[in-house]
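Next come the chains, spelled out residue by residue.
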Amino acid sequence: MDIVVSDLTKSFGTNRVLDKCNATFPEHETTCLMGPSGCGKTTLLNILMGLTCPDSGTVQGVPQLKSAVFQEDRLCENFNAVANVRLVCDKSVDDSLIIKHLEDIGLKDSLRQPVSELSGGMKRRVAIVRAILAESDILFLDEPFKGLDEETKRATMQYVRDNIKGRTVILVTHNIEEARVFAAQLVTMKGKDKSNDS
C-alpha cells in the first residue's frame, strides 16, 4: 500500500511548519524528500513515524515495522558498534552478520571500541547499519549521508542500495545526486511563503 499524506498541517506555537501538505510515497520504492531548510521535512518524517501528531490532516498506509536514521545518531555511547546494532536485531541475527555489515561499510577496525571514541562519520555509519538490520518494512533516512567525505559517502550509499531489499524508503536530502543514485521519486516541499503541496 502506498503512503498517502492528505492536507497535513502542523504548527509549533505560532510557527506553522506544515500547511495542508499533500504527498504520496509509493510502496517498495525510494522517495527523496527535498526542500529548503525549515520547510517541514523532518516534521513530516516525524509524523509519518508516529513521533509527532499533526494538528489536522491524515496519513494512511504507513507500515507497522519501521526503522530510521535520524539527524542525530542516537547511539548508546558506552556500547561498541556491534552492541549498538545488536540492540535492534532479532535474537536469530548472529553477531557474525552484524560484523559483516559493519565491515562492508568500512568499520572493520572499529568494531569493539565504545562508539564515544568514534568519529562523527563512523558513528553515522553505525546508525545506518542499525537501521538496515532492524526488522522493518520502511526505512526513514533523515540526511543519513551528511558529514561523510565523498569517497565514504559513495560507498555508504552503495551499501544502503544493496541492502534496501524491497523496502519502502523515504530519504530526506538536500542533494539531488543522492536522489539520482537511488533512482528515487522526488517530493519537493516549498518554503513557508508557498504551498507545501507535492
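The following paragraphs examine the structure supplied in this document. (Residues numbered from 1 in each chain as written. Predicted model: local features only at pLDDT ≥ 70, side-chain atom pairs only at ≥ 80, totals over all residues. Heavy atoms only, no water.)

**With respect to the overall build of the protein chain**
- Summing up its helical and strand segments, the protein chain has six helices and eight strands in all.
- If you list the helices and strands of the protein chain from N to C, you get β-β-β-α-β-β-α-α-α-β-α-β-α-β.
- Relative to its length of 198 residues, the protein chain is compact, with a C-alpha radius of gyration of 17 Å against a globular reference of 16 Å.
- On the principal axes, the C-alpha backbone points of the protein chain span a range of 50 × 35 × 35 Å. (Helix = DSSP H or I, 4+ residues; strand = E, 2+ residues; numbered from the N terminus. Rg over C-alpha atoms; globule rule 2.2 N^0.38 Å.)

**Quick notes on the sheet that holds strand β2 (residues 15-25)**
- Spatially, β2-β1-β4 is the arrangement adopted by the three strands of the open sheet, whose pairing is antiparallel. Only two strands of the sheet have a single neighbouring strand rather than two, namely β2 and β4 (56-60). Taking the axes of each pair of neighbouring strands and ignoring which way they run, one obtains an average angle of 20° across the sheet.
- In this sheet, β4 lies alongside strand β1 (residues 3-12) in antiparallel orientation, the contact comprising four bridges. Each residue of the ladder has a partner; that of Ser 6, found in β4, is Thr 58.
- Strands β1, β2 and β4 of the sheet are contacted by helix α1 (residues 41-48), whose axis makes an angle of about 120° with β1. (Pairing = 2+ DSSP bridges. Axes fitted to C-alpha atoms, helices over the stretch in contact; angles between N-to-C directions. Contact = heavy atoms within 4.5 Å.)

**Focus: helix α3 (residues 95-104)**
- Looking at α3, one finds that the buried residues are Ile 98, His 101 and Leu 102. Relative to the axis of α3, the buried residues are bounded by an arc of 100° and lie together on one face.
- The inward-facing, buried residues of α3 contact α2 (81-86), α4 (120-133) and α5 (150-163).
- Just downstream of α3 lies Gly 106, where phi reads positive at about 95°. (Buried < 20%, exposed > 50% of the residue type's maximum accessible area, 1.4 Å probe, protein only. Arc of directions from axis to C-beta.)

**Let's talk about the packing of aromatic side chains**
- Under the criterion given, the structure shown has one aromatic pair.
- Each ring, one from Phe 145 and one from Phe 182, has its centre 6.0 Å from the other, and the planes form 15°; the classification is stacked. Placement of the pair is Phe 145 in the loop between β6 (138-142) and α5 and Phe 182 in the loop between α6 (176-181) and β8 (185-188), with a sequence separation of 37 residues. Each member of the pair, Phe 145 as well as Phe 182, carries the same accessibility label: buried.
- The ring of Phe 12 carries the charged tip of Lys 10 above its face, separated from the ring centre by 5.2 Å.
- It is Arg 74 that lies over the ring of Phe 70; its NZ or CZ is 3.8 Å from the centre. (Phe/Tyr/Trp six-rings, centres within 6.5 Å; stacked < 30°, edge-to-face > 60°. Lys NZ or Arg CZ within 6 Å of the ring centre and 35° of its normal.)

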